[in-house]
Amino acid sequence: INREKLNYIRANRIICRSNWAIKSLIKDYQIEKSKISVVPGGANLDIKKIDRSKLLSFPPKPSINNPIIVGFIGLDWERNGGNFLLKLADTFSDNDVPFEIRVVGPAENNLPKHSCIKYVGFIDKFLNLDLFINELKSWHFGTLFSKAEAFGISNRECLILGVPVICHDIGGISSTLPKSNFGKMFDANPSPLVVYNWLMDIFNPYEKYISLRKELLKQHKSFAWDKTINNLIKVLNK
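Quick caveat: nothing in here was measured; it's all calculated off a predicted structure.

Thresholds applied
- Residues numbered from 1 in each chain as written.
- Predicted model: local features only at pLDDT ≥ 70, side-chain atom pairs only at ≥ 80, totals over all residues.
- Heavy atoms only, no water.
- Patch = residues over 30% accessible without salt bridge, like charges linked within 9 Å, V, L, I, M, F, W, Y side chains within 5 Å.
- Areas by Shrake-Rupley, 256 points an atom, 1.4 Å probe, with all protein chains shown as cover.
- Salt bridge = Lys/Arg side-chain N within 4 Å of Asp/Glu carboxyl O.
- Helix = DSSP H or I, 4+ residues; strand = E, 2+ residues; numbered from the N terminus.
- Buried < 20%, exposed > 50% of the residue type's maximum accessible area, 1.4 Å probe, protein only.
- Pairing = 2+ DSSP bridges.
- Axes fitted to C-alpha atoms, helices over the stretch in contact; angles between N-to-C directions.
- Contact = heavy atoms within 4.5 Å.

## Quick look at a nonpolar patch on the surface
Part 1: A cluster of nonpolar side chains, contributed by Trp225, Ile229 and Ile233, occupies part of the molecular surface with about 260 Å² of accessible area.
Part 2: When you line up the elements, Trp225 lands in helix α8 (residues 225–236).
Part 3: For Trp225, a relative accessible area of 32% corresponds to the partly exposed category.

Next comes the structure, spelled out in structure tokens:
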């Protein structure tokens with residue numbers, strides 16, 4: 001740790017992905033704020049291979065036959081907030097509202113048994129980009145309610161495809177998001193009922209949700225690595 005601190009002190013510039021990391025540098029390492037910059041990373045998707053015209057197809061309006069669909073991406077079910085989604089699912093069930101959690105990433109034997117979980121499995125987005133895109137755009141919202149998170153690249157992957165996200169303010173998650181038109185970031189560790197109420201409101205009327213999605217699609221360049229690289233160049237040329 002002492003060697004790491006010394007390297008930070010010697011550095012002319014330090015670039016972080018998140019504001020959370022900057023706070024740590026200042027508090028834990030006593031680094032001068034003036035030489036630290038934040039440059040969020042981009043979505044790990046080949047944007048040149050994305051047919052954006054196909055992203056204008058949206059999941060159906062929630063009804064008794066069409067559940068509200070949220071997605072989970074990550075290898076660690078517990079750390080990435082999977083158990084919170086189960087509590088959220090139970091809240092929807094208590095109110096007789098169909099709800100589905102689409103799970104991408106973890107091994108199936110690491111998942112709890114729950115009627116709302118729909119296991120998708122691992123998708124190699126470099127070999128099966130179309131499959132990955134079709135999966136994500138079928139969701140109403142991506143999710144990230146992690147216990148700890150340095151950044152949260154899954155948010156960027158949802159956002160670049162026009163899929164809004166719901167998450168909470170833990171670690172670097174907030175730095176993955178634009179200032180508006182992305183979904184909702186809740187205070188850290190919200191109650192499932194608060195999230196339930198917000199989701200029920202955003203779908204009433206459904207046109208409000210569709211408008212959110214269309215506005216988000218207009219921002220897609222903000223989540224690409226090209227944007228990140230341009231921001232890095234600006235920082236390095238200061």
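Next comes the rest of the write-up.
## Side note on the sheet that holds strand β7 (residues 165–168)
Part 1: Across the sheet, which stays open at both edges, the 6 strands sit in the order β5-β4-β3-β6-β7-β8 with parallel pairing between neighbours. Whereas interior strands pair on both sides, the edge strands pair on one side only; in this sheet they are β5 (117–121) and β8 (183–186). Between one strand axis and the next, the sheet turns through 20° on average, direction left out of account.
Part 2: The sheet contact formed by strand β4 (residues 99–104) and β5 spans 4 bridges and is parallel. In the strand pairing of β5, Val104 is matched with Gly121.
Part 3: Packed on one face of the sheet, helix α6 (residues 192–202) meets β3 (68–73), β6 (141–144), β7 and β8 and runs near 165° to β8.

## With respect to the pattern of salt bridges
Part 1: This model, assessed by the stated rule, comprises 7 salt bridges.
Part 2: For the salt bridge of Glu78 with Lys147, the shortest nitrogen-to-oxygen distance reads 2.8 Å. Taken as a pair, Glu78 in the loop between β3 and α3 (82–94) and Lys147 in the loop between β6 and α5 (153–160) lie far apart in primary sequence, 69 residues in all.
Part 3: Given a relative accessible area of 43%, Glu78 falls into the partly exposed group.

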